[in-house]
Amino acid sequence: MRILTVVGTRPNFVKAAALLEEMGRHPEIESVLVHSGQHYDYEMSKTFFEDLEIPTPHVNLGVGSGGAVSQTAEIMRRLEGVIEETQPDVVVALGDVNSSLATALAAAQMRRTLAHVEAGLRSFDRTMPEEVNRVAIDALADVLFVTEPSGVENLLREGKPEEAIHMVGNVMIDALRRFLPRARECALPVLLPMSKNIREQREAYGVVTLHRPSTVDHRPTFRRIWAALQDVARELPLIFPVHPRTKVRIEDSGLRETSCSDTNRLHLAPPMSYLAFLRLQSEAELIITDSGGVQEESSALGVPCLTVRENTERPITLTEGTNRLVGLDGNRLLDEARKVLRGEGKVGRIPKLWDGHAATRIVERLLNRIPDVHDLVPLGSSNERANIARPQYRLM
Ligand code: UD1
């Protein structure tokens, strides 16, 4: 079975790691890995391949930056030749980023069996680019791998057949469980101003990540959140590895100066490698984020998380995990952070099937289900399909 997996962004790399490793255990699977190039900086891409031991992609589409529409279209255009050449039995799209949508559209148009890992999540907020991507990918997918019960409910409500939906757990947590021991040994970046204090004096700290357009692109909103972060930092020093999108917004809004004073405790840092960031999260008192993956990782680590959004597509992190939504106005952020510092942060439990074996379940289902799935997307007659010569694809 030839399985083509497409990755493009940081969260894709983390989700693909365990899956690719599991595929590698099965000699009957030939895995083809494609990198769309959506994330391309060393810190946003290469370091993740190193930390997570992901094989070098067979193909890099080198798409680079762009608006959602042009980026998605360009990835589709470049992926077409790769799908044509490799004729995969299954195409795997991970998560909800533009690269995942492009993968789904290309696979569906080229009548390949499409598997979506992390299917069914819904924020019900179509202003989020990721929500549009999720809805479209799931509408096209033949096999849907789900991380939490809300995903199953959403997909059934949208009319997906029950037999296509598989509750398998969370591949991101597979990676977390596998790499946490190594992360705990990992040195914190020397550039991080607080590294020495954390290492030598075990100074308590919080971690911040913000990058969503809804959080950082609207200047008044971002300024309010920034002010709230400064307030929290007076009570607990915060480490903020800054995403490239956010770096531009901080500079445009003239906020960088406010983080340069001697009394500043909101420490900005460059984006971190997977292992360094996992170590930082695992030892934090508090995590403040707008990321989907970090909401899940903080729940798995048992660290209280405040999510700077009005909604989440991952409700299990609220009902079972350590997550609380604090909205975008900055007011609740300080109140909730104070609660955490008083020891009133949420104590959650790890959701069912977030046990480090999601990738095993996915690969098992793919191997077992593939004959039925082929029936769903016939390529002409079955004889015609059987006679297709498999061209060689180029290794990079
Ligand atoms: C993307 C995903 C988001 C995910 C995030 C993780 C979509 C719609 N969004 O958002 O769901 O949580 O990745 O990081 O796909 N840039 C660089 N260097 C890079 C990559 C990006 O400078 O290596 C810049 C781009 O030029 C662009 C900005 O960062 O200006 C945003 O990049 P983009 O890939 O469009 O989306 P993200 O905000 O990273």
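Now for a quick tour of the structure. Just so you know, these numbers come straight off a predicted model, no measurement behind them.

1. Remarks on the sheet that holds strand S4 (residues 90-94)
Within the open sheet, the 7 strands sit side by side as S3-S2-S1-S4-S5-S6-S7. Their pairing is parallel. Either end of the sheet is taken by a strand with one partner, and the two such strands are strand S3 (59-60) and strand S7 (165-167). Examined bridge by bridge, strand S1 (residues 2-7) and S4 share 4 bridges and lie parallel to one another. Bridge pairing in S4 links Thr-5 to Val-92. With respect to the sheet, helix H1 (residues 10-24) is in contact with S1, strand S2 (30-35), S4 and strand S5 (113-119), its orientation differing from that of S1 by roughly 160°.

2. A closer look at the environment of Pro-11
Counting through the fold element by element, Pro-11 comes out in helix H1. Between the C-alpha atom of Pro-11 and that of Asn-331, which follows or precedes it by 320 residues, the distance is 29 Å. Once residues within four sequence positions are removed from consideration, Pro-11 is found in contact with Val-97 and Met-172.

3. Some remarks on the site of the ligand
Around the ligand, 16 residues are found, and the nearest of them are His-39, Asp-41, Ser-65, Glu-130 and His-243. Asn-98 is positioned such that a nitrogen or oxygen atom in its backbone is 2.9 Å from an oxygen atom of the ligand. Contact distances for the ligand include 2.9 Å between an oxygen atom and a side-chain N or O atom of Arg-245. Contact with the protein chains removes 84% of the 740 Å² of surface that the ligand exposes when unbound. At a threshold of 2 Å from the grid points, most atoms of the ligand map onto the largest pocket. Among the elements of the structure, H1 and helix H11 (244-252) are those that each provide at least two residues to the shell around the ligand. Taken domain by domain, the makeup of the shell around the ligand includes at least three residues from each of domain 1 (2-170 + 353-386) and domain 2 (186-341).

4. Let's talk about the packing of H1 against helix H7 (residues 171-185)
The relative placement of two packed helices comes down to the angle between their axes together with the axis-to-axis distance. Where H1 contacts H7, the two axes come as close as 8 Å, and the packing angle between them is 75°. When the axes of H1 and H7 are compared, the pair comes out roughly perpendicular. Where H1 abuts H7, its residues Pro-11, Val-14, Lys-15, Ala-18 and Glu-21 lie against Val-171, Met-172, Asp-174, Ala-175 and Arg-178. Each residue belonging to the contact of H1 with H7 can be placed in one class, and the counts come to 6 nonpolar, no polar and 4 charged.

5. So, helix H13 (residues 292-301)
Among the 10 residues that make up H13, 10 are buried, leaving the element largely enclosed by the rest of the structure. If you check which residues of H13 are buried, you get Gly-292, Gly-293, Val-294, Gln-295, Glu-296, Glu-297, Ser-298, Ser-299, Ala-300 and Leu-301. Two to three positions downstream of the cap, the backbone nitrogen of Gly-293 sits 3.2 Å from a side-chain oxygen, assigning the N-cap of H13 to Ser-291. Just downstream of H13 lies Gly-302, where phi reads positive at about 75°.

6. Overview of the nonpolar core
Residues Leu-19, Leu-52, Tyr-274 and Leu-280 are the most contacted members of the largest nonpolar core, which totals 61 residues. For this core, the two domains that each supply at least three residues are domain 1 (2-170 + 353-386) and domain 2 (186-341). Residues within four places of Leu-19 in sequence aside, it is in contact with Val-92, Leu-94, Val-117, Ala-359, Ile-362 and Val-363. Residues Val-208, Leu-268, Leu-286 and Leu-333 belong to the second largest nonpolar core, which totals 28 residues.

About the criteria used
- Residues numbered from 1 in each chain as written.
- Predicted model: local features only at pLDDT ≥ 70, side-chain atom pairs only at ≥ 80, totals over all residues.
- Heavy atoms only, no water.
- Pairing = 2+ DSSP bridges.
- Helix = DSSP H or I, 4+ residues; strand = E, 2+ residues; numbered from the N terminus.
- Contact = heavy atoms within 4.5 Å.
- Axes fitted to C-alpha atoms, helices over the stretch in contact; angles between N-to-C directions.
- Near = heavy atom within 4 Å.
- Polar contact = N/O pair within 3.5 Å; in protein donor to acceptor, adjacent residues only side chain to side chain.
- Areas by Shrake-Rupley, 256 points an atom, 1.4 Å probe, with all protein chains shown as cover.
- 1 Å grid on protein atoms, 1.4 Å probe; cavity = no way out; pocket = protein on both sides within 12 Å on 5 of 7 lines; lining within 4 Å.
- Sits in = over half its atoms within 2 Å of the grid points.
- Domains from an automatic or database assignment.
- Parallel < 35°, antiparallel > 145°, perpendicular 65-115°, else oblique.
- Nonpolar A, V, L, I, M, F, W, Y, C, P; charged D, E, K, R; others polar.
- Buried < 20%, exposed > 50% of the residue type's maximum accessible area, 1.4 Å probe, protein only.
- Core = buried A, V, L, I, M, F, W, Y, C linked by side-chain atoms within 4.5 Å.

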